[in-house]
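# Remarks on the overall topology
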Amino acid sequence: IMGPFGLPLALLADSYKASHAAVFPDAQQATAYAEFRHSLNRNEDQRMVFYGLQYIVKTYIALPWTRQDVDEAEAFFNTHNAGFTKFPFPKHLFLKFIQENRGYFPVRIEALREGSVVYPHVPVMQITANDEYAGLVTYLETVLLMTWYPSTVATLSRHAWTRIQAAYEKSVDSDRQWTLESRLHDFGFRACTCVEQSMLGGAAHLLTFSGSDTLSAAHYVQYRLNGGRPVATSIPATEHSVMTAHRSERQAVLRMIEEYGEGVYACVMDSFDYARALQEVLPAVASRKLQKGGILVIRPDSGDQVEAVLQGLRAAERVFGSDTNQRGFKVLRGASVVQGDGVTPETLQLILDAVLAAGFSAECVGFGMGGGLLQKINRDSMSMAIKLSSITYKDGLPRDVMKFPKQGSSKTSLPGRFSVHADPAQNGAPVAYRCGHEPSTPSLLEVVYDGGPVEGVWDSFDQVRERLNDQWSRLPPAAHALSSDLLQHQKHVHDIQEARVTDGSAFST
């Protein structure tokens, strides 16, 4: 049995990881932790969403290694060093845990629950390795860090929701607030590099919104994560190929009305001239559209993003009319506009501001994000990192460690072993403590892997959504996320290490 994609499990790591066990100090225990070093694109709203570890653990970690994995890895490493010579790797350790631990990688992983809202520097994972395996404590860093991707998508989607929600509170009646969940649609499947990426990123988006055209994610969430209960929805919609295949745009829209006109359906309107299509096609199909009674969603796909939405709203109002809601904003009758062309959180805000300024309710406009949602992000978006934080040497001497690069203070890490607790003084915000100096409440870091799979640690997707909704609604945009004791300890360890840097012992002892 080989690993995912036919790869030996030993090769699910960066090359240099294989050389570390041989040079790691002899130790009884080593601990590393994962954190996001700053908020999404350094936003003032520092809330972030931790999500995606379940997939990583089940797909890449909680799998038994076999002798075949090691043999295949050895065949590869034999020619991987410079000059196509042998590259070092800890074959003896791999074979040892295959024989003694049923093939499971010998570390303990604690983590926050999926969907948890966190702040910069709060440990979201803690990895511990003991005795002869201490040198493998960060071997899984490569795959564990890949949680940066679904976490960043989930955070981006949630920040977009926050912007839309603010416009909803101003302009949408209370009995229509339920439509907020469908206001940002995932158009990103085609923007992804592979199906796996679309599945993970699309699932992260569905933590907040229900609208998605990414079928891989919709199916994965419903049947793999949520016991068959549906989460994602979409509507029939044309693409330019459908519109241009007809002899005229009027015929294309009429065909949509005949097929889907009793429900909600969308037509892209800029195949030739968006303004003329609004002016000429909408009146030409109005009578049949009204007979069917459904909702026509107008989609621009070019031009100025703000002006295109306003053009669509005004044209729909001229043809179909509008009503004024209880908050004094106009709501279109049986029509709306969706903007999915190059949308970002920033342009989304510009559009919402313009829509409300023009007197329309925010429920009249929806948004789609493709590459901007699932592709135009990277690990630096929230600067996720895993660093060694504590080691107990073989002679029993414990030492808390940290990095504080003189030329890169933003990469300073935390020293020690940690627990994370909800702080009632900050509405339950997660705060990191040093082990042995934490409150009596249960730690939010829970064991999800312990030298093998741990049963009953993963929630349903509905439960993860509920957690995110609850925490995001009550946690402040920023919080004091590190306890005073931990900050003092960081300074203490920093001062000791800095003194060793100054006197040169950090380099030459």
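That block above? That's the structure.
Rules behind the numbers
Residues numbered from 1 in each chain as written. Predicted model: local features only at pLDDT ≥ 70, side-chain atom pairs only at ≥ 80, totals over all residues. Heavy atoms only, no water. Patch = residues over 30% accessible without salt bridge, like charges linked within 9 Å, V, L, I, M, F, W, Y side chains within 5 Å. Areas by Shrake-Rupley, 256 points an atom, 1.4 Å probe, with all protein chains shown as cover. Salt bridge = Lys/Arg side-chain N within 4 Å of Asp/Glu carboxyl O. Helix = DSSP H or I, 4+ residues; strand = E, 2+ residues; numbered from the N terminus. Axes fitted to C-alpha atoms, helices over the stretch in contact; angles between N-to-C directions. Parallel < 35°, antiparallel > 145°, perpendicular 65-115°, else oblique. Left-handed = near helix turned anticlockwise from the far one by under 90°. Contact = heavy atoms within 4.5 Å. Pairing = 2+ DSSP bridges. Buried < 20%, exposed > 50% of the residue type's maximum accessible area, 1.4 Å probe, protein only.

## Observations regarding a nonpolar patch on the surface
On the surface, a nonpolar cluster with roughly 290 Å² of combined accessible area is contributed by F189, V195 and L215. Positionally, F189 belongs in the loop between β6 (184-186) and α6 (195-205).

## Remarks on the packing of helix α5 (residues 148-171) against helix α14 (residues 461-474)
Two elements in contact, α5 and α14, have axes whose closest approach is 12 Å; the angle formed by their N-to-C orientations is 55 degrees. Considering their axes alone, α5 and α14 lie oblique with respect to each other. Crossing angle aside, the handedness with which α5 passes α14 is right-handed. Across the interface between the two elements, R158, H159, W161 and T162 of α5 pack against L468, N469 and W472 of α14.

## Overview of the sheet that holds β6
Strand order in the open sheet formed by 5 strands is β6-β12-β11-β8-β7, with parallel pairing between adjacent strands. Two strands in the sheet have a free side with no partner beyond their single neighbour: β6 and β7 (264-268). Strand-to-strand twist of the sheet, defined as the mean angle between neighbouring strand axes without regard to direction, takes the value 30 degrees. Pairing of β6 with strand β12 (residues 365-369), which is carried by 3 bridges, proceeds in the parallel orientation. Residue H185 lies in a different strand from β12, and its bridge partner there is G368.

## With respect to the sheet that holds strand β3 (residues 108-111)
Here we have 6 strands laid out as an open sheet, ordered β14-β13-β1-β5-β3-β17, and antiparallel in their pairing. Across the chains shown, the open sheet's two edge strands, defined by having one partner strand only, are β14 (398-400) and β17 (446-450). Adjacent strand axes in the sheet meet at a mean angle of 20 degrees, parallel and antiparallel pairs treated alike. Pairing between β3 and strand β5 (residues 125-130): 4 bridges, direction antiparallel. Paired with E110 across the strands is Q126, a residue of β5.

## Some details on the environment of A362
Counting through the fold element by element, A362 comes out in the loop between α12 (345-357) and β12. A relative accessible area of 1% means that A362 is categorised as buried. Linking A362 and L482, residues 120 residues apart in sequence, is a C-alpha distance of 38 Å. Beyond its immediate sequence surroundings of up to four residues, A362 is in contact with A167, Y168, S171, V172, L352 and L356.

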